[in-house]
Amino acid sequence: MRKLAVWVGLVLLLAGCRPIVGPPSVAPSSAATAGLPGVGDPIFPLLGNTGYDVQHYTLDLTVDAARNLLKGTATLRSEATQPLAAFNLDLLGMNVSAVTIADAPALFARSGQELTITPTAPLDAGAIFTTVVAYDGTPTPLADPELAFIKQGWNNRDGTIFVVSEPGGAMTWYPVNNHPTDKATYTFRITVDEPNVVAANGVLRAEIDLGAQRTYVWEMAQPMASYLATVAIGDFVRIETPGPDGVVIRHYFPPEDVDALTRAFANTGEMVTFYSELVDDYPFDEYGVVMMPFSLGFALETQTLSVFGPEMAMEGVNAHELAHQWFGDAVTLDAWDETWLNEGFATYLQRLWLENELGGDFLDKGMRQYYENLTVFKTPPPGAVEEATLFSEAVYERGAWVLHALRLKIGDDLFWQFLRTYYARFKDGVVSTEDFIATANEVSGDDLTDFLNAWIYDETMPPIPE
Ligand code: ARG
Ligand code: ZN
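Note that the coordinates shown come from a computational prediction; the quantities given were computed from them, not determined experimentally. In every chain, residue numbers begin from 1 and rise along the written sequence. Starting at A for chains and at 1 for ligands, labels are handed out in the order in which the entities are written. Totals for whole chains, interfaces and linings use every residue, but because this is a predicted model, local features are given only for residues with pLDDT of at least 70 and side-chain atom pairs only at 80 or more, for both listing and counting. Remark: hydrogens and water are excluded; side-chain values derive from all non-hydrogen atoms of the structure.

Draft legend 1. Focus on the site of ligand 1. Neighbouring residues of ligand 1: Phe149, Glu166, Phe298, Ala299, Leu300, Glu301, His320, Glu321, His324, Glu343, Phe391 and Tyr396. Within the side chain of Glu321, an N or O atom sits 2.7 Å from an oxygen atom of ligand 1. A total of 350 Å² of accessible area belongs to ligand 1 in isolation, and the protein chains cover 82% of it. Taking a 2 Å distance to the grid points as the criterion, the majority of the atoms of ligand 1 fall inside the second largest pocket. Helix numbering and strand numbering both begin at the N terminus, where a helix is a DSSP run of H or I of at least 4 residues and a strand a DSSP run of E of at least 2. Listing elements by their share of the shell around ligand 1, those giving two or more residues are β21 (299-300) and α4 (315-326). The leading source of residues in the shell around ligand 1 is α4, at 3 residues. In terms of residue class, the shell around ligand 1 is made up of 6 nonpolar, 2 polar and 4 charged. By convention in these notes, a residue is near a molecule or strand provided one of its non-hydrogen atoms lies within 4 Å of it. Definition of a polar contact: a pair of N or O atoms within 3.5 Å, with one able to donate and the other able to accept a hydrogen when the atoms are protein atoms, and with sequence-neighbouring residues admitted only if both atoms are side-chain atoms. Each accessible area is a Shrake-Rupley estimate made with a 1.4 Å probe; only the visible protein chains count as cover when residues are assessed. Site definitions follow a grid-based scheme: protein atoms alone, a 1 Å grid, a 1.4 Å probe that fits but cannot get out for cavities, and for pockets an open set with protein on both sides within 12 Å along at least five of seven lines, plus lining residues having an atom within 4 Å of a point. Cavity and pocket membership follows a simple rule, namely that a molecule belongs there if more than half of its atoms are within 2 Å of the grid points. Amino acids are sorted into nonpolar (Ala, Val, Leu, Ile, Met, Phe, Trp, Tyr, Cys and Pro), charged (Asp, Glu, Lys and Arg) and polar (every other residue, Gly among them).

Draft legend 2. Structural context of the coordination of the zinc ion (ligand 2). Because water is not among the atoms used, a metal site may look incomplete, as its donors are only the N, O and S atoms within 2.8 Å, or 3.2 Å for Na, K and Ca. Around the zinc ion (ligand 2), the protein contributes the donor atoms His320 (NE2), His324 (NE2) and Glu343 (OE), which lie 1.9 to 2.0 Å from the metal centre. Site shape is set this way: if four donors have all angles between 85 and 135 degrees, tetrahedral; if opposite donors are over 155 degrees apart and all others between 65 and 115, square planar for four donors and octahedral for six; otherwise irregular. Around the zinc ion (ligand 2) sit 4 donor atoms, and with donor-metal-donor angles ranging over 96 to 141° the site reads as irregular. Along the chain, the residues that donate to the zinc ion (ligand 2) are spaced as H-x3-H-x18-E. Taken together, the residues His324 in helix α4 and Glu343 in helix α5 (residues 340-358) connect sequence positions 19 residues apart. Residue His324 shares its accessibility class with Glu343, and that shared class is buried. Exposure categories follow from relative accessible area, calculated using a 1.4 Å probe and restricted to protein chains: below 20% of the type maximum is buried, above 50% is exposed, and the middle band is partly exposed.

Draft legend 3. A look at the packing of α5 against helix α8 (residues 412-426). For helices, the fitted line uses only the C-alpha atoms of the stretch in contact; every axis is such a line through C-alpha atoms, and the angle between N-to-C directions lies from 0 to 180 degrees. As a packed pair, α5 and α8 sit with axes 14 Å apart at the nearest point and diverge in direction by 130°. As far as their axial angle goes, α8 and α5 are oblique. By crossing handedness, the relation of α5 to α8 is classed as left-handed. Each of Leu341, Phe345, Tyr348 and Leu352 in α5 lies in contact with α8, whose residues at this interface are Phe415, Trp416, Leu419 and Tyr422. The class makeup of the residues in the contact of α5 with α8 is 8 nonpolar, no polar and no charged. Orientation categories follow fixed angle ranges, with anything under 35 degrees roughly parallel, anything over 145 roughly antiparallel, 65 to 115 roughly perpendicular, and all other angles oblique. Crossings are classed by handedness, with left-handed meaning an anticlockwise turn of the near helix from the far one by less than a right angle and right-handed meaning a clockwise turn. Only heavy atoms enter the contact rule, under which two residues are in contact if any of them lie within 4.5 Å.

Draft legend 4. Here's a closer look at the packing of helix α7 (residues 393-410) against helix α9 (residues 433-444). Between α7 and α9, the shortest axis-to-axis distance is 12 Å and the interhelical angle comes to 15°. Taken as axis vectors, α7 and α9 run roughly parallel relative to one another. When the axes of α7 and α9 are compared, the crossing they make is right-handed. Residue-level contacts link Val402, Leu403, Leu406 and Ile410 of α7 to Phe436, Ala440 and Ser444 of α9. Of the residues belonging to the contact of α7 with α9, the class tally is 6 nonpolar, 1 polar and no charged.

Draft legend 5. Representation of the pairing of strand β19 (residues 248-253) in the model. Across the 6 residues that make up β19, a large majority, 6, are buried. Here strand β18 (residues 237-242) runs beside β19; their pairing, made up of 6 bridges, is antiparallel. Its bridge partner lying in β19, Pro242 is registered against Val248. In this structure, the hairpin formed by β18 and β19 is closed by a connection of 5 residues, where Asp245 is found at a positive phi of approximately 50°. Only strands joined by at least two bridges in the DSSP assignment are considered to pair. Of the strand pairs in this sheet, β19 and strand β20 (residues 286-291) are connected by 3 bridges, and their pairing is parallel. By the bridge assignment, Val248 is partnered in β20 with Glu286.

Draft legend 6. Representation of the sheet that holds strand β12 (residues 160-164). Within the open sheet, the 5 strands sit side by side as β10-β11-β12-β17-β14. Their pairing is antiparallel. The sheet is open, and its two borders are formed by β10 (142-143) and β14 (197-200), each paired with just one other strand. Two strands pair when backbone bridges link them, and β14 and strand β17 (residues 231-234) are joined in this way by 4 bridges, in the antiparallel orientation. In the sheet register, Ala199 faces β17, and the bridge partner there is Ala232.

Draft legend 7. Local environment of the pairing of strand β4 (residues 84-90). Buried residues dominate β4, accounting for 6 of its 7 residues. With 2 bridges joining them, strand β1 (residues 33-34) and β4 adopt parallel strand pairing. Each residue of the ladder has a partner; that of Ala34, found in β4, is Ala86. Alignment of β4 against strand β8 (residues 114-118), held across 4 bridges, turns out to be antiparallel. The partner of Asp90 across the bridge, within β8, is Glu114.

Draft legend 8. Quick look at the pattern of salt bridges. The rule for a salt bridge is simple: a side-chain nitrogen of Lys or Arg has to be within 4 Å of a carboxyl oxygen of Asp or Glu. Using the criterion set out here, one finds 12 salt bridges in the structure. The partner of Arg214 in a salt bridge is Asp209, and the shortest N-O contact between them spans 3.9 Å. Between Glu240 and Arg238 there is a salt bridge, and its shortest N-O distance comes to 2.8 Å. For Glu240, a relative accessible area of 48% puts it in the partly exposed group. One salt-bridge network, held together by shared partners, links Glu194, Glu207, Asp209 and Arg214.

Structure below.
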């Protein structure tokens, strides 16, 4: 993002200096060029691409879960954001058999995670165009030693398929503009052999009985970052209950654990009410978790359908992944070195739910315990992390402290007003640490820049505000 901003600035500067020669209708800036192969993310420079913005993905996938084979057609409706001679999608592994743009065959080439597509004629800036990619193969999740806890993307374990992509795994199973700065809506049409069940993001719109096979149509109607797209295929039972304000609570549980898990997740609806009253209405139509029949070691806040391992079936984790639906999913970090914008908020809101349950001084006492640990262990700041520390205590606990410090500094009323203003302003989009600070300054009517910078970027923990 930052590199991109500099680059765009430079182009505008040069364009502004250009002497006007020749007929004004043929401005040199209208010459179509290729989009860049990355958006300039500070940690993952090749994630995402420039030159276009995807509006909607339709993923038609036929999956042989037992053999882990996927045959798919991805249809992307996009808008060109510049005169575009060629552009990239991100796709790692898989065989691409054909690409069309507006139904005309397009040239394509592959190199690493970059799929470069050249339309027969350049696209005008502002043009809405449809790209169709036909592909197949066995998706291979990304095993990054710096993020050893997760194999990013499409996983198959004993015939059960689950997708956990944070941060870069979406490109293991569909061609994608793979950066949170390009959110889009989705339709999933997934065909599997009976008796497999398919869960994905959003709302289950239809089930089409094909005899030996069944197609599940899922619709994610609100914008979603690619790392939050998920599919689960296997032996799951859907447990559905009405939630508050028309939000449907639906979980997908392994059949043998339905009773225990129904009890463990019974207060999900109350949690939705709690966060709705604290922040704003739940941002999507439905919510629930999909529980794996084997241990995962983590949970992930995949939009409307958090992926869980059974060892994570705990109230605090349920509250954490649910809180992410507001902070992380509806409001999303704009660059991967700012995971604190997701995790600091979810950690703090998780503790707010537990305080609501347990009462007393649970929250402030717990935060002061964190403070001690963070000080003793000299935990680095959350502000600009590296790949290995994307999900470290710096991000979760020190990240939560940024919010608690702000609350102690400006008082409860202004803090809740800040939380709601920040959410309303960046909902359905992305947010930067600078946006966070600017919003806090604006709502408090105070210049808190130095104060917040110290909490976000200083090596040592600042003193707790009185
Ligand atoms: N965004 C996920 C969460 O916080 C990340 C899970 C990271 N897990 C881990 N063991 N580091 O819910
Ligand atoms: Zn989290």
